[in-house]
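Residue-level structure breakdown
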Amino acid sequence: MTIRDAVKEDAGALAYLLNLAGEGIPEYLWGGMAEGDESALDAGRRRAARDEGAFSYTNARACVEDGIVLGAIISYRQPDPYPLDDLDEYPEIVQPLVRLEARSPGSWYINAIATFETHRGKGVARRLIADAEEQARLAGSTQMSLIVASENVNAKRLYEHIGFNTVESLPVTPYPGCLHGGDWVLMTKDL
Ligand SMILES: CC(C)(COP(=O)(O)OP(=O)(O)OC[C@H]1O[C@@H](n2cnc3c(N)ncnc32)[C@H](O)[C@@H]1OP(=O)(O)O)[C@@H](O)C(=O)NCCC(=O)NCCS
């Protein structure tokens, strides 16, 4: 198993994984961006292949084995300061996430992490997070952050095991295809 920068050709795998990590929110939003005969995931693939934007492959690292992507992570440094002036321009369901993001300005933010179902429990996520931590240190960040659904108990337990602590929670705004009620939970880890 090795970890490498994601490349444009990974965009299909990234779209699938990002949607898992985003609890179905990406597919819901991509559905509104689909062009012509595109499915929501097609639109996600197109967006992941762009050179800009948070979901770009340029912010992603992939865990691969024998040329196959097993899992991926999207992480980057949050702006500091993190103003909320344009909060109203975000879709309503995303606003609690943006509010929580703004609570850890300058942190190295794990926007998304997921492992293909067939490769879970082999340490892929742990490796990807350790790799992101290395990137964070190299970039001079002193804190990492992420947001997890309170009902995503396996992921939350994993983060707790590797040193993340809960900082603040906001209720999930329901959306079509919503997997969870409960809260979005901001977790941070000091480096
Ligand atoms: C959460 C997720 C990324 C973990 O990926 P993974 O590659 O299987 O994780 P790892 O193999 O590195 O395991 C890390 C730890 O979590 C535990 N774990 C991972 N998935 C688990 C599951 N489905 N059930 C129980 N425990 C699980 C492992 O036992 C391991 O614990 P240990 O290191 O103490 O033994 C993966 O389950 C996933 O992709 N879920 C869907 C997307 C998602 O929820 N992403 C997070 C959004 S915030």
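Residues numbered from 1 in each chain as written. Predicted model: local features only at pLDDT ≥ 70, side-chain atom pairs only at ≥ 80, totals over all residues. Heavy atoms only, no water.

1. Considering the packing of aromatic side chains
Defined as follows: Centres within 6.5 Å make a pair out of two Phe, Tyr or Trp rings, where for Trp the six-membered ring is used; the pair is then stacked when the planes are under 30 degrees apart, edge-to-face when over 60, and tilted otherwise. Put simply, DSSP H or I for four residues or longer makes a helix, DSSP E for two residues or longer makes a strand, and each gets a number counted from the N terminus. For the exposure calls, accessible area comes from a 1.4 Å probe over protein chains only, and a residue counts as buried if that area is under 20% of its type's maximum, exposed if over 50%, partly exposed in between.
Inspection of the entire model under this criterion finds five aromatic pairs. Consider the rings of Trp-30 and Phe-55, whose centres lie 6.2 Å apart with planes at 70 degrees: the pair is edge-to-face. Residue Trp-30 is located in helix α2 (residues 25–31), and its partner Phe-55 is located in the loop between α3 (40–48) and β2 (60–65); the two are separated by 25 residues in the primary sequence. When its relative accessible area of 2% is taken as the criterion, Trp-30 is described as buried. Ring geometry for Tyr-76 versus Tyr-109: centroids 6.0 Å apart, planes at 70 degrees, classification edge-to-face. Here the residue Tyr-76 occupies a position in strand β3 (residues 68–77), and Tyr-109 occupies one in strand β4 (residues 108–115), the gap between them amounting to 33 residues. Across the pair, exposure class does not vary: Tyr-76 and Tyr-109 are buried alike.

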